[in-house]
Amino acid sequence: MKQSTYLSPTLRDIPSDAEVKSHQLMLRTGLIRQSTSGVYSFLPLGLKALQKVEGIIREEMNRSGAQELLMPAIQSAELWQESGRWEAYGPELMRLHDRHGREFALGPTHEEVITTLVRDDVRSYKKLPMTLYQIQNKFRDERRPRFGVLRSREFLMKDAYSFDTSFDGLDESYQKMFDAYSRIFTRCELDFRAVVADSGAMGGKDTHEFMVLSDIGEDTIAYSDESDFAANIEIASVAVNYKKSDEPMKELEEKETHNQKSIEEVSSFLNVDASKCIKSLLFIVDNDPVLVLVRGDHEVNDVKIKHALDAQIVEMATEEDTKQWMKTVPGYVGPLSVSDDVKVIADHAVKYIANAVCGANKDHTHYMNVNPERDFKVDEYYDLRNIQEGDPSPDGKGTIRFKEGIEVGHVFKLGTRYSEAMNASFLDDQGKTKPMIMGCYGIGVSRTLAAVIEQHHDENGIVWPASVAPFDVHLIPVNIKQEDQRSLADELYTDLQNERLEVLYDDRAERPGVKFKDSDLFGFPVRITVGKKAAEGIVELKLRKTGEVIEVHKDELIQTVKQYVSN
Ligand code: 9G3
């Protein structure tokens, strides 16, 4: 490809609205351009890299025995009403009307479409197991699109769906996808972890997220420093091995704590450590008030509340709700003399506190020397807090550390959630009708590309792994007007392309410094500079990753280049 006419508009300065490196670099190299908030065009250079990621995914999906198909982005409202999800999703689901006023959604995912497609055309157990996948744009109206294509409103996803006759079969399909994902992210040269995750609204039990380790990741991974335990902190369980404090119980005391609301304020005002305070937060869980207690130095985890109470919706109570149910405002709420209408649940750690401080359910007032069971009742103790760094690993091996991660993949065991809702059943070998057992498996393809750039760049630009580089070689004559250089460059351009190598030929009449800066920014694995020794047939080969420079005669060039690029 000749660079003089190639649509790869580079930017010298960092765009002010780009906060993370991958977003900055994808704009500066002309890989993407924003069309509107959270919506991007992939320019030729960006699309070539995106298609390399797609190619790796396609190879590994096909190798795992999955079949590729392509489903529509336009999905009828009826489909989503059949699965019961039309009402469940709010503003994030992009909806539209056709000319007849009928309602549709732009597909954020395809469980409904694939389940009805398989339902209508697969009847016998003999056709199962079957895994189908597509690579297609998804639409999700993110409230706050950010970080370029890392969180956009239209994005490229590979979504796969498996159909089995049994849960054992699902376990096998799931493992095949899990292994394919590990191969995909390894081939993309990503430093990733598969972490136990929360299945969220998808239901089902087993689910793993594939996380690319990165400081700008929006998810936090809790992992053990001595075992392969790793879990999204949303659901990482906390080992219950607290010890009851042995100090004798003291007399309950009421304390005036004017305008002392937060744990920090109260614990310093009363000179009591946060771990001796009880944080009491009112939640509205499926429309009922629930008072949740955790130790003052711990954080409430609302995903865990949801699982503990098997609830659909868990929300922090508003100030009005709190006043209504607790007779005071947040900050002075506590578990003593709580209305019978309010359920009280507590994290396990609360049980082991002696002589604690907590709100008195009275404005500007707290209690001291509060003791669980003596002074207040807890309906049930659960694991309700976020795991913390330094906690013992739940598997008993090592200590918990935190790392941020970018979620690039998510695999779920769905079971019969959709096959029952939409009657996707098969006739088993006894002629009995049974619901298919499903799994679903997603990879954010455009997000994976951005994650590759997050992990593979330096101060001069992108440093592409050979497997996903948009071009293998950047061919640069130092002075295109110098006949020796131009003719050798033309000759090498032909030779390299005859060997199926992808070459960007910088045929611009630009100053060398400009060309080399752009070349470092683009970051292809190999740069070939045709300069002073062109007449002798000698060129300079530079490796972007190491900066290593070697002189090569044109006769050895092809086999030398092939060592450094993906075939
Ligand atoms: C929606 C909207 C957003 C959504 C969903 C539905 C996430 C939704 C979960 C999944 C599960 C898996 C197949 C590929 C892998 C992920 N965001 N999810 O269902 F209507 Cl607006 O998409 N689907």
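No experiment lies behind these values; they were computed from the predicted model shown. (Residues numbered from 1 in each chain as written. Predicted model: local features only at pLDDT ≥ 70, side-chain atom pairs only at ≥ 80, totals over all residues. Heavy atoms only, no water.)

## Considerations on the packing of helix 2 (residues 44-63) against helix 10 (residues 445-455)
Turning to step 1, where the next piece is worked out: The geometry of helix 2 relative to helix 10 is characterised by a closest axis approach of 9 Å and an angle of 110° between their N-to-C directions. In terms of orientation, helix 2 and helix 10 fall into the roughly perpendicular class. Together, Gly46, Ala49, Leu50, Val53, Glu54 and Ile57 of helix 2 and Val445, Ser446, Thr448 and Leu449 of helix 10 make up the contact between the two elements.
Turning to step 2, where the next piece is worked out: Split by residue class, the contact of helix 2 with helix 10 holds 6 nonpolar, 3 polar and 1 charged. (Axes fitted to C-alpha atoms, helices over the stretch in contact; angles between N-to-C directions. Helix = DSSP H or I, 4+ residues; strand = E, 2+ residues; numbered from the N terminus. Parallel < 35°, antiparallel > 145°, perpendicular 65-115°, else oblique. Contact = heavy atoms within 4.5 Å. Nonpolar A, V, L, I, M, F, W, Y, C, P; charged D, E, K, R; others polar.)

## Overview of the domain arrangement of the protein chain
Turning to step 1, where the next piece is worked out: For the protein chain, the domain assignment lists domain 1 (16-237 + 402-453), domain 2 (253-382) and domain 3 (473-565).
Turning to step 2, where the next piece is worked out: Taking only C-alpha atoms into account, the centre of domain 1 sits 38 Å from that of domain 2.
Turning to step 3, where the next piece is worked out: Each partner contributes to the interface: domain 1 provides 7 residues, whereas domain 2 provides 5 residues.
Turning to step 4, where the next piece is worked out: Between domain 1 and domain 2, the buried area comes to about 390 Å², and carbon and sulfur atoms account for 44% of it. (Domains from an automatic or database assignment. Buried area = accessible area lost by both parts, 1.4 Å probe.)

## Description of the packing of helix 1 (residues 21-28) against helix 10
Turning to step 1, where the next piece is worked out: Where helix 1 meets helix 10, the closest approach of the two axes is 8 Å, and the angle between their N-to-C directions is 100°. Taken together, helix 1 and helix 10 sit at an angle that is classed as roughly perpendicular. Residues Lys21, Ser22, Leu25 and Met26 of helix 1 touch helix 10, and the partners they reach there are Leu449, Ala450, Ile453 and Glu454.
Turning to step 2, where the next piece is worked out: Taken together, the residues of the contact of helix 1 with helix 10 break down into 5 nonpolar, 1 polar and 2 charged.

## A closer look at the site of the ligand
Turning to step 1, where the next piece is worked out: Within the structure, the ligand sits among 17 residues, and Trp80, Arg85, Thr109, Glu111 and Arg140 are positioned closest to it.
Turning to step 2, where the next piece is worked out: Here an oxygen atom of the ligand and a side-chain polar atom of arginine 85 are 2.7 Å apart.
Turning to step 3, where the next piece is worked out: Interatomic distance of 3.0 Å between a side-chain N/O atom of arginine 140 and an oxygen atom of the ligand.
Turning to step 4, where the next piece is worked out: Starting from 500 Å² of accessible surface for the ligand in isolation, the protein chains cover 91%.
Turning to step 5, where the next piece is worked out: Among the secondary structure elements, those contributing two or more residues to the shell around the ligand are strand 8 (154-164) and strand 24 (437-444).
Turning to step 6, where the next piece is worked out: Per-class residue counts for the shell around the ligand are 10 nonpolar, 2 polar and 5 charged. (Near = heavy atom within 4 Å. Polar contact = N/O pair within 3.5 Å; in protein donor to acceptor, adjacent residues only side chain to side chain. Areas by Shrake-Rupley, 256 points an atom, 1.4 Å probe, with all protein chains shown as cover.)

## Some details on the pattern of salt bridges
Turning to step 1, where the next piece is worked out: In the structure shown here, the tally under the stated rule is 40 salt bridges.
Turning to step 2, where the next piece is worked out: Residue glutamate 253 pairs with lysine 255 through a salt bridge whose shortest N-O separation is 3.7 Å.
Turning to step 3, where the next piece is worked out: Of the residues examined, lysine 255 reaches a relative accessible area of 29% and is grouped as partly exposed.
Turning to step 4, where the next piece is worked out: One connected set of salt bridges, linked through shared partners, spans Glu59, Glu60, Arg63, Arg183 and Arg187. (Salt bridge = Lys/Arg side-chain N within 4 Å of Asp/Glu carboxyl O. Buried < 20%, exposed > 50% of the residue type's maximum accessible area, 1.4 Å probe, protein only.)

## Some remarks on the sheet that holds strand 5 (residues 95-97)
Turning to step 1, where the next piece is worked out: Pairing within the open sheet is antiparallel, and its 3 strands lie in the order 4-6-5. The open sheet is flanked by strand 4 (74-76) and strand 5, the only strands paired with a single partner. On average, each strand axis in the sheet is tilted by 40° relative to the strand beside it, whichever way the strands run.
Turning to step 2, where the next piece is worked out: Bridge analysis of strand 4 against strand 6 (residues 103-106) gives 3 bridges, and the strand direction is antiparallel. In the sheet register, serine 76 faces strand 6, and the bridge partner there is phenylalanine 104. (Pairing = 2+ DSSP bridges.)

## Points about empty space enclosed by the protein
Turning to step 1, where the next piece is worked out: Overall, the coordinates contain 2 cavities of 30 Å³ or more when judged by the stated rule.
Turning to step 2, where the next piece is worked out: In this structure, the largest cavity is lined by Arg146, Phe147, Leu150, Arg151, Ile216, Gly217, Glu218, Asp219, Gly405, Ile406, Glu407 and Arg447.
Turning to step 3, where the next piece is worked out: Looking at which element gives the most residues to the lining of the largest cavity, the answer is strand 21 (residues 400-415), with 3 residues.
Turning to step 4, where the next piece is worked out: Residue classes in the lining of the largest cavity are distributed as 4 nonpolar, 2 polar and 6 charged.
Turning to step 5, where the next piece is worked out: Considering only enclosed or pocket space, the second largest cavity measures out at about 60 Å³ in volume.
Turning to step 6, where the next piece is worked out: Contributing to the lining of the second largest cavity are His474, Ser519, Asp520, Gly523, Phe524, Pro525, Val526, Arg527, Lys542, Leu543 and Arg544.
Turning to step 7, where the next piece is worked out: Residue assignment for the lining of the second largest cavity shows that the elements contributing at least two residues are helix 12 (512-522), strand 29 (526-530) and strand 30 (538-543). (1 Å grid on protein atoms, 1.4 Å probe; cavity = no way out; pocket = protein on both sides within 12 Å on 5 of 7 lines; lining within 4 Å. Points joined across faces, edges and corners; volume = space filled by probe spheres on them.)

## Quick notes on the environment of alanine 509
Turning to step 1, where the next piece is worked out: Its place among the elements puts alanine 509 in the loop between strand 28 (503-505) and helix 12.
Turning to step 2, where the next piece is worked out: The class of alanine 509 is exposed, set by a relative accessible area of 57%.
Turning to step 3, where the next piece is worked out: Distance in space between the C-alpha atoms of alanine 509 and threonine 529 is 14 Å, their sequence separation being 20 residues.
Turning to step 4, where the next piece is worked out: Ignoring sequence-local partners within four residues, the contact set of alanine 509 consists of Ile480 and Lys481.

## Remarks on the environment of cysteine 358
Turning to step 1, where the next piece is worked out: Here cysteine 358 shows up in strand 18 (residues 356-359).
Turning to step 2, where the next piece is worked out: A relative accessible area of 1% places cysteine 358 in the buried class.
Turning to step 3, where the next piece is worked out: Distance from cysteine 358 to glutamate 256, taken between C-alpha atoms, is 12 Å for residues 102 residues apart in sequence.
Turning to step 4, where the next piece is worked out: Ignoring sequence-local partners within four residues, the contact set of cysteine 358 consists of Ile278, Pro335, Leu336, His366, Tyr367 and Val370.

## Notes on helix 5 (residues 167-187)
Turning to step 1, where the next piece is worked out: Between the first and last C-alpha of helix 5 there are 30 Å, a value that for 21 residues agrees with the 30 Å anticipated at 1.5 Å per step.
Turning to step 2, where the next piece is worked out: By the burial criterion, the buried members of helix 5 are Gly169, Leu170, Ser173, Tyr174, Met177, Phe178, Ala180, Tyr181, Ile184 and Phe185.
Turning to step 3, where the next piece is worked out: The N-cap residue of helix 5 is serine 166: its side-chain oxygen and the backbone nitrogen of aspartate 168 are 3.4 Å apart. (Expected span 1.5 Å × (residues − 1).)

## Thoughts on the packing of aromatic side chains
Turning to step 1, where the next piece is worked out: What the rule picks out here adds up to 13 aromatic pairs.
Turning to step 2, where the next piece is worked out: Centroid distance tryptophan 80 to tyrosine 89: 6.4 Å. Interplanar angle 85°. Geometry classified as edge-to-face.
Turning to step 3, where the next piece is worked out: Taking relative accessible area as the criterion, tryptophan 80 reaches 1% and is therefore assigned buried.
Turning to step 4, where the next piece is worked out: Plain terms: the ring middles of tyrosine 181 and phenylalanine 185 are 6.0 Å apart, the flat faces sit at 85° to each other, and that makes the pair edge-to-face. With a gap of 4 residues between them, tyrosine 181 and phenylalanine 185 both fall in helix 5, about one helical turn apart.
Turning to step 5, where the next piece is worked out: Looking at phenylalanine 185, the relative accessible area reads 0%, which means it is buried.
Turning to step 6, where the next piece is worked out: An aromatic cluster of at least three residues, connected via ring pairs, comprises Phe178, Tyr181, Phe185, Phe192 and Phe210.
Turning to step 7, where the next piece is worked out: In this arrangement the basic side chain of lysine 48 is found over the ring face of phenylalanine 471, its NZ or CZ atom lying 4.8 Å from the centre.
Turning to step 8, where the next piece is worked out: One cation-aromatic arrangement involves lysine 413 over tyrosine 174; the distance from NZ or CZ to the ring centre is 4.8 Å. (Phe/Tyr/Trp six-rings, centres within 6.5 Å; stacked < 30°, edge-to-face > 60°. Lys NZ or Arg CZ within 6 Å of the ring centre and 35° of its normal.)

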